[in-house]
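Listed here are the chains, written in short residue letters.
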Amino acid sequence: MNDAVPLLAVAAVGALAAACGSNPGQSSAGGSTTAGGSTAGEPTSAGEPTSAGEPTSAGEPDTGGWDDLDDPHAPPHPPVEPNNDGEPTRGGTLTFTNIGAPGYWGRRIEAEPGDPRCDVQSETIDFGWGSEFCCRTRHEVTSDRLTPFNEQLHLVLEGPLRVKALAVYQPLGASDGPWGIRSFWDRRTPDQPYNLHFSGPDDAQEFLGDLGNNCAYYAMQEQPFPCGPGSDPYCPGSDLDYYGWAGSKLVVMLASMPYADDPALLPLSCIADGEDERAQDAPWVGVSPSELNRDGWSGYHPCHCFNNTNNGQLGDGCGQINVFEVIAEASGPQWGNRDIISTGIRSYQVGSLGGVTCGIQSCGIEQFPADADLVDVNSLTAMNQGAVIDAEDPAMSAGPAWRRALDDRFYVFLLDEPSRTVQVAVIHPGDVAAAAQPIVPALPDVISREVVDGFLKLRLPQ
């Protein structure tokens, strides 16, 4: 439960939070929780040294290109084309401030039993078919600049979901300079991703944009991460062994969240035999620490960085961000509601921040205005201004969450190191606020720092 948001609101049981797969009603893909790993020599977009002092990838602010990629620019792309009927909705923003703090999480390293570095976890795990030694050591963090979410993060998409476009922006040099498209995908040319590696059901590496119920795709940069002996953080090897995005990042996605029985998505369903489509209808969009995704079981390996404690649910380690999470109705009527979407952060800094939701027994969707995107599940009303949650003073009377949109929205989320801010926005394509117009629908190759700052100040509805 989230003590910061009382009354009717209940804390979302993060789709990735159950790193060992104990979250009822969620699929295994949603259960993978990860924390970004600041590894020696990992590429970042900030053009600054890593903690190991090795050079990082950097862009060219004057040209808007990337030095370390085969193609310095994303391919030409006309503005994305949304599909919406009816009047525009109000939009919404949910802003988390003062994100980041000194602390630690248990990082998995390669070691033998008895190694004194294994001061968080030292355990031989018996799987039935074999055993494996788990060593986790304290990874100390001294910075408060968005930690731990300035580390490498993967993007996780779980259906039912229909994606039209996806772009990841990062600073081309210093954080106060221009940002460029670091990774890009367009439904109109799905076989031509730019600096994006996908991993989906049955090891699928081509992403076409439609995800059936409980089907998940992981998105990463296209550079492989060297897992296996000698890797740091240690990872035994999996389909997700690729670099994530470190430093500041802005993710922009044009997408819709149709119901699981949508005729075009129903044949793509990934739910298990005997399960009910509606009960498992729970789209999910998250940013998940690359360090955890690379653990070998997509975040389910019992030797993971998600928790510092052994509870399995707290997220008080490297954590994750459930950017848009529907709690499946199979979780129970007090929790699950396929029409309500929560946004929450978990990490060693706060344990759990935000992440409220409201089950079908309390939050019938008919209680909210049809034109509302951001709603208060405590008062059962539409919110009339953007919500702000301060990690250092999180108590609030409102329970901000989202009304699920079946047609297209721009889903935008910014993780900004200098301001220590995570900002999440839902924007109707028919009513794009002035601060977002330099970004969508055109998705230009380069945006200025002034555009980033303007988006940080955006509060929807307005």
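Quick caveat, the model's predicted, so the values are computed rather than measured.

K.L.:
Looking at this model, I keep getting lost on the environment of Val141. Mind explaining?
P.N.:
Following the sequence through the fold, Val141 ends up in strand β7 (residues 131–141). Measuring from C-alpha to C-alpha, the distance between Val141 and Gly103 comes to 5.1 Å, with 38 residues separating the pair along the chain. With residues up to four places along the chain from it excluded, the contact list for Val141 reads Ala101, Pro102, Gly103, Tyr104, Trp105, Thr147 and Tyr348.

K.L.:
I tried to follow the packing of aromatic side chains on my own but got confused; where do I start?
P.N.:
Here a ring pair, both rings aromatic, is described through the centre-centre distance and the interplanar angle of the planes. Counting across every chain of the model gives 10 aromatic pairs. With centroids separated by 4.9 Å and ring planes inclined at 55 degrees, the aromatic side chains of Phe207 and Tyr217 adopt a geometry described as tilted. Taken together, the residues Phe207 in the loop between β11 (197–199) and β12 (210–211) and Tyr217 in strand β13 (residues 216–220) connect sequence positions 10 residues apart. Take Phe207 and Tyr217: they sit in the same class, and that class is buried. When the ring of Phe324 is compared with that of Tyr411, the centres are 4.9 Å apart and the planes differ by 70 degrees; the resulting orientation is edge-to-face. Taken together, the residues span a long stretch of sequence, with Phe324 in strand β16 (residues 320–326) and Tyr411 in strand β24 (residues 409–416) at a distance of 87 residues. Accessibility assignment for this pair places Phe324 and Tyr411 in one class, buried. The ring of Tyr104 is capped by Arg138, whose NZ or CZ atom sits 3.6 Å from the centre of that ring. Lying across the ring of Tyr259, Arg338 places its NZ or CZ 3.7 Å from the centre.

K.L.:
What is the right way to read the nonpolar core from this model?
P.N.:
Note on soluble globular proteins: their nonpolar side chains tend to be buried together. Ranked by internal contacts, the top residues of the largest apolar core, which has 50 residues, are Ile99, Leu155, Leu157, Val163, Phe324, Phe413 and Val422. The contacts of Leu155, once residues within four sequence positions are left out, are Leu166, Tyr217, Tyr218, Ala219, Trp245, Val251, Val285, Gly286, Val287 and Phe413. Of all hydrophobic cores here, the second largest spans 33 residues; its members include Leu69, Ala74, Ile427 and Leu443.

K.L.:
What exactly am I supposed to notice about the pattern of salt bridges here?
P.N.:
Two side chains carrying opposite charge are able to pair once their charged atoms lie near each other. Within the structure shown, the criterion is met by 20 salt bridges. The closest approach of N and O atoms between Glu140 and Arg138, which form a salt bridge, is 2.7 Å. Counted as one network, the salt bridges with shared partners bring together Arg162, Arg187, Asp210 and Asp262.

K.L.:
I'm lost on the sheet that holds β7 in this one. Help?
P.N.:
Sheet strands pair via backbone hydrogen bonds, and the direction of the pair is either parallel or antiparallel. In spatial order, the strands read β5-β7-β6; together these 3 strands make up an open sheet with antiparallel pairing. The sheet is open, and its two edges are formed by β5 (103–108) and β6 (121–126), each paired on a single side. Direction aside, the axes of adjacent strands within the sheet are offset by 25 degrees on average. In the sheet, β6 pairs with β7 via 6 bridges, with the strands oriented antiparallel. Note on β7: the bridge partner recorded for Gln121 is Arg136.

K.L.:
In this structure, what is going on with the confidence of the model for the chain? I would like to understand it.
P.N.:
With 86% of its residues at a pLDDT of 70 or more, the chain has an overall mean of 87. A low-confidence stretch, residues 1–55 stays under pLDDT 50, and its non-local contacts, those more than four residues away or across chains, total 213 contacts.

Procedures and definitions
Residues numbered from 1 in each chain as written. Predicted model: local features only at pLDDT ≥ 70, side-chain atom pairs only at ≥ 80, totals over all residues. Heavy atoms only, no water. Helix = DSSP H or I, 4+ residues; strand = E, 2+ residues; numbered from the N terminus. Contact = heavy atoms within 4.5 Å. Phe/Tyr/Trp six-rings, centres within 6.5 Å; stacked < 30°, edge-to-face > 60°. Buried < 20%, exposed > 50% of the residue type's maximum accessible area, 1.4 Å probe, protein only. Lys NZ or Arg CZ within 6 Å of the ring centre and 35° of its normal. Core = buried A, V, L, I, M, F, W, Y, C linked by side-chain atoms within 4.5 Å. Salt bridge = Lys/Arg side-chain N within 4 Å of Asp/Glu carboxyl O. Pairing = 2+ DSSP bridges. Axes fitted to C-alpha atoms, helices over the stretch in contact; angles between N-to-C directions. pLDDT = per-residue confidence, 0-100.

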